[in-house]
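Working through the structure, step by step
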Amino acid sequence: MLTLEKLCAGYGRMRILHEVDLHVGAGELVALVGANGAGKTTTLRGICGQLAPQSGRITFDGADTAGRRPDVLVRDGLVHVPEDRALFGTLTVEENLRMGAWTASADAARTRLEQVYELFPILAERRDQVAQTFSGGQQQMLAIGRALMAGPRLLLLDEPSTGLSPKLTWTMLDAVREIRDTGVSVLLVEQNAKQALAIADRAYVMESGSVVLSGGGAELADDERVRKAYLGL
Ligand SMILES: Nc1ncnc2c1ncn2[C@@H]1O[C@H](COP(=O)(O)OP(=O)(O)OP(=O)(O)O)[C@@H](O)[C@H]1O
Ligand SMILES: [Mg+2]
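A few points on the structure. (Residues numbered from 1 in each chain as written. Chains lettered and ligands numbered in written order. Predicted model: local features only at pLDDT ≥ 70, side-chain atom pairs only at ≥ 80, totals over all residues. Heavy atoms only, no water.)

Points about the coordination of the magnesium ion (ligand 2)
Condition: Counted as donors are the N, O and S atoms within 2.8 Å of the metal, or 3.2 Å for Na, K and Ca, while water is not among the atoms, so some sites may look incomplete. A run of H or I in DSSP counts as a helix once it spans at least four residues, and a run of E counts as a strand once it spans at least two, with each numbered from the N terminus. Using a 1.4 Å probe on the protein chains alone, a residue whose accessible area is under 20% of its type maximum counts as buried, one over 50% counts as exposed, and one in between counts as partly exposed.
Protein ligation of the magnesium ion (ligand 2) involves Thr41 (OG1) and Glu83 (OE), the donor distances falling in the range 1.9 to 2.3 Å. One end of the pair, Thr41, is in helix H1 (residues 40–47); the other, Glu83, is in the loop between strand E6 (78–81) and helix H3 (93–99), and 42 residues separate them in sequence. The exposure class assigned to Thr41 is buried, which follows from its relative accessible area of 15%. Note on Glu83: relative accessible area 41%, which makes it partly exposed.

Laid out in C-alpha cells, this is it:
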C-alpha cells in the first residue's frame, strides 16, 4: 500500500532522512519508533506531501506521490494526524469532526460521525464543547476522529500518546488497534517504543534519520539490542 524507497528528505539543503526504506501493507499496523529528533515526524511529512523528497521514491497504491499535494493525497485516502493536532480551537467537537469530512458525501459523513462517536464515546458526550477546553488526550482523540471522517485507507499518526498517562496511552493504542481492525492501514509514530511495539504488526527503528532495525513488533520488543538501546530495559 505504501512504500518508501531510499527516501532522502530534509529542510532546505540540510538532509535529515538518509535512504529510508519502509513498507506498510494493506491492513497492517506498522510502528516507527526512535528517540527525539530521529526523523520520525520528517518521515510522515514526506509521506503526506508536506515535504518534497530530495531523492528516492514514495509510492502509495503503486503510484509515485511526487508532485501530489497533501489535499489530493487525502482524497486518495492518505490522511495525516500531525504532531501539533491542528484542531480548530474555537469550534465544537462536532464542528471539528465535520471539517474532516470535506471529501465525503453527506451520507458518508453521517455514518462516519456515528463510527467516530462509537470509537471515542467521550467525543459524543462532549459534542457541543469547544475543542480548546479539551484535555490533551481528548484533543488527540478528536484529531484522530477528524482524520477518520475523511475515510482514510492509510492513517499516519504522529505520537498519539504524547502527554498521556500510561493508562490513557493504552486506551489510545487500543483505539488505534480497533481502527486497524476495521481495515484501515496505520503507520504509527511513537517515542513510546515499548507500548507501540506491543500493538504493532511490524515496526521500524529509526536513528539519526536512518532505519537501523526492522521486524515484527513482538520480535523487536524481545530483541536484546532494541531493549537496551531504545526501551531502556
Ligand atoms: N522545520 C524544520 N526546519 C529545520 N530542521 C527541522 C525542522 N523540523 C525538524 N527539523 C530537524 O530535523 C531533525 C528530525 O526532526 P523530527 O521532528 O523529524 O524528529 P522526530 O523523530 O519526530 O522527533 P520527536 O520525537 O522529538 O518528535 C531534528 O534534528 C530537527 O531539529
Ligand atoms: Mg516528531
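On we go.
A closer look at the site of ligand 1
To be explicit about the condition: Any residue with a heavy atom lying within 4 Å of a molecule or strand is counted as near it. Counting of polar contacts relies on pairs of N or O atoms within 3.5 Å, with two restrictions inside protein: one atom must be capable of donating a hydrogen and the other of accepting it, and residues adjacent in sequence are counted only when both atoms are side-chain atoms. Only the protein chains shown count as cover for residues, and all accessible areas are computed by the Shrake-Rupley method using a 1.4 Å probe. Charged means Asp, Glu, Lys or Arg here, nonpolar means Ala, Val, Leu, Ile, Met, Phe, Trp, Tyr, Cys or Pro, and polar covers whatever is left, Gly included.
Close to ligand 1 lie 15 residues; Asn36, Lys40, Thr41, Thr42 and Glu83 are nearest. One of the side-chain nitrogen or oxygen atoms of Asn36 is found 2.5 Å away from an oxygen atom of ligand 1. With respect to ligand 1, the side chain of Thr42 contributes an N or O atom lying 2.5 Å from an oxygen atom. For ligand 1, the protein covers 64% of the area, taking 640 Å² as the surface of the free molecule. Secondary structure elements with two or more residues in the shell around ligand 1: strand E2 (14–24) and H1. For the shell around ligand 1, the residue count by class is five nonpolar, six polar and four charged.

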